[in-house]
Amino acid sequence: MGGTRPQPVPLAPGFVGGLVHYRGDVLTTVSLRQLLDLPPGEGIQDMLVVESAGACFGLLVDSVGEVLMVSSADFEANPATVNERRRMLFAGACKLKDELMVMLDPDRLEPMRLARTA
């Protein structure tokens, strides 16, 4: 969903980006910038809706470039040099032709799970 403007939630943990209406429901959004200790972004953010068996939430991102299918053969576990906080969020990385793509683990980004580890 492009152009998302979440409504703030007073007294919520810092990683909560706010609440948004989505298909008749209210979703909690998670700010990826906040989780990665990055400064606030400029302008409106995009939102990826993450649906799993246990939860549905929004993930606020700067932008969405493309959706890729990657081979499990190109997957690498997190290197030891990744700090503990980011290791908790990253599933690992995939080697692409000319770059490395960090893979997030959606289950680790679920708001209730994050609240337990915060």
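Residues numbered from 1 in each chain as written. Predicted model: local features only at pLDDT ≥ 70, side-chain atom pairs only at ≥ 80, totals over all residues. Heavy atoms only, no water.

*Asks:* Could you clarify how one ought to interpret the sheet that holds strand β3 (residues 46-51) in this entry?
*Replies:* For sheets, the rule is that strands pair by backbone hydrogen bonds, running either parallel or antiparallel. Strand order in this open sheet of four strands is β1-β2-β4-β3, and the pairing throughout is mixed. The open sheet has two free edges, formed respectively by β1 (16-22) and β3, since each of these has just one partner strand. Between one strand axis and the next, the sheet turns through 35° on average, direction left out of account. Bridge count between strand β2 (residues 25-31) and strand β4 (residues 56-61): three bridges; the pairing is parallel. For Ser-31, the partnering residue across the bridge sits in β4 and is Leu-60. (Pairing = 2+ DSSP bridges. Helix = DSSP H or I, 4+ residues; strand = E, 2+ residues; numbered from the N terminus. Axes fitted to C-alpha atoms, helices over the stretch in contact; angles between N-to-C directions.)

*Asks:* For this particular structure, what's the right way to read the nonpolar core?
*Replies:* Across soluble globular proteins, nonpolar side chains have a tendency to be buried as a group. Phe-15, Val-30, Leu-35, Leu-59, Leu-89, Leu-109 and Leu-114 are the most contacted members of the largest nonpolar core, which totals 15 residues. Of all the secondary-structure elements, those providing two or more residues to this core are α1 (32-35) and β4. The leading source of residues in this core is β4, at three residues. If near-sequence neighbours (up to four positions away) are discounted, Leu-59 is found in contact with Val-30, Leu-32, Asp-46, Met-47, Leu-48, Val-50, Leu-104 and Leu-109. (Core = buried A, V, L, I, M, F, W, Y, C linked by side-chain atoms within 4.5 Å. Buried < 20%, exposed > 50% of the residue type's maximum accessible area, 1.4 Å probe, protein only. Contact = heavy atoms within 4.5 Å.)

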